[in-house]
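Summary of the model geometry
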Amino acid sequence: MNKFIVGNWKMNGSLSFVDAFLDSIEEQNVAIAIPQVFLAYAYSRNPKFKLVAQNCSIYDKFGAHTGEISADILVGLGCQYVIIGHSERRHMFEEDNISNILKKLNNVISNNMTAILCVDERYEKLINRETLEFIKDNIHNVILAYEPLSAIGTGKTPSISEISNILNLLKQKYFSVNILYGGSVNSKNARDILSISSLDGVLVGGASLKLGEFKEIIVASKDLIA
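Presented here is an overview of the structure given in this document. All figures in this text were calculated on a predicted structure; none of them were measured in a lab.

**As for the layout of surface pockets**
- Each pocket or cavity is described by its volume, and for the largest pocket that value is around 660 Å³.
- If you trace the largest pocket, you find 27 residues lining it, with Gln54, Asn55, Arg89, Phe93 and Glu95 closest to the centre.
- Of all the secondary-structure elements, those providing two or more residues to the lining of the largest pocket are helix 4 (87-92) and helix 5 (98-110).

Structure, rendered in structure tokens:
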């Protein structure tokens, strides 16, 4: 299988852009994390496309939690994946409580979705013993996304050897869990990054909003087996 490409639109997009994206992208190794208000529409347009939620609530099922969206609701919208602990959530909204991250992981897994758990250079501080055991017990339903803080929104990426060294450490520590790299991935550096043997794919931010460039990243992923 080709390496996994996840586009994270963050707080961007429109219905017309969803249309353009779904009309242009057919590859099976691609998923998109679009704003939650577009999920139901995207699912109605193409229920086979892999949809990713950008976050979920610590609360599951239904209840009096104004503004929250549970994993139970997300799976009903066609989501297969949920991003948890993205650096922007942790730093802009102070969502760095480990127990809350574990609650979200539990909610995602219990609803038969896959969690994309984001970590940075401080991964040992972000994942406690309980979370480590959870990953071990749910190895096929958790993907780590390594996003170094120095690369988030800066246009700068570490060297290939630096990325490779961290990925190897993560693979050893977290039971060979599948790992994506995120942080200023673009069409110019995608092939070199994706060529790292221990890497299973990339989490693409700003470049996923440029349809032509995102398609170049998809092309770069072909014939690179995860």
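**So, the pairing of strand 5 (residues 114-119)**
- Taken across its 6 residues, strand 5 has 6 buried, putting it largely inside the fold.
- In this sheet, strand 6 (residues 142-146) lies alongside strand 5 in parallel orientation, the contact comprising 5 bridges. Across the sheet, residue isoleucine 116 finds its bridge partner in strand 6, namely isoleucine 143.

**Quick notes on the packing of aromatic side chains**
- The full count for this structure, using the stated rule, is 8 aromatic pairs.
- Ring plane angle 75° and centroid distance 6.0 Å describe the contact between phenylalanine 21 and phenylalanine 49, whose orientation is recorded as edge-to-face. Of this pair, phenylalanine 21 sits in helix 1 (residues 15-24) while phenylalanine 49 is found in the loop between helix 2 (39-45) and strand 3 (50-53), placing the two residues 28 residues apart along the sequence. Each member of the pair, phenylalanine 21 together with phenylalanine 49, is buried.
- Aromatic pair phenylalanine 21 and phenylalanine 214: ring centres 5.5 Å apart, planes at 35°, arrangement tilted. You can see phenylalanine 21 sitting in helix 1 and its partner phenylalanine 214 sitting in helix 10 (residues 211-221), a full 193 residues away along the chain. Phenylalanine 214 shares its class with phenylalanine 21; the two are buried.
- Through successive ring pairs, a cluster of aromatic residues spans Trp9, Phe17, Phe21, Phe49 and Phe214.
- Note that arginine 89 overlies the ring of phenylalanine 93, its terminal NZ or CZ placed 4.2 Å from the centroid.

Procedures and definitions
Residues numbered from 1 in each chain as written. Predicted model: local features only at pLDDT ≥ 70, side-chain atom pairs only at ≥ 80, totals over all residues. Heavy atoms only, no water. 1 Å grid on protein atoms, 1.4 Å probe; cavity = no way out; pocket = protein on both sides within 12 Å on 5 of 7 lines; lining within 4 Å. Points joined across faces, edges and corners; volume = space filled by probe spheres on them. Helix = DSSP H or I, 4+ residues; strand = E, 2+ residues; numbered from the N terminus. Buried < 20%, exposed > 50% of the residue type's maximum accessible area, 1.4 Å probe, protein only. Pairing = 2+ DSSP bridges. Phe/Tyr/Trp six-rings, centres within 6.5 Å; stacked < 30°, edge-to-face > 60°. Lys NZ or Arg CZ within 6 Å of the ring centre and 35° of its normal.

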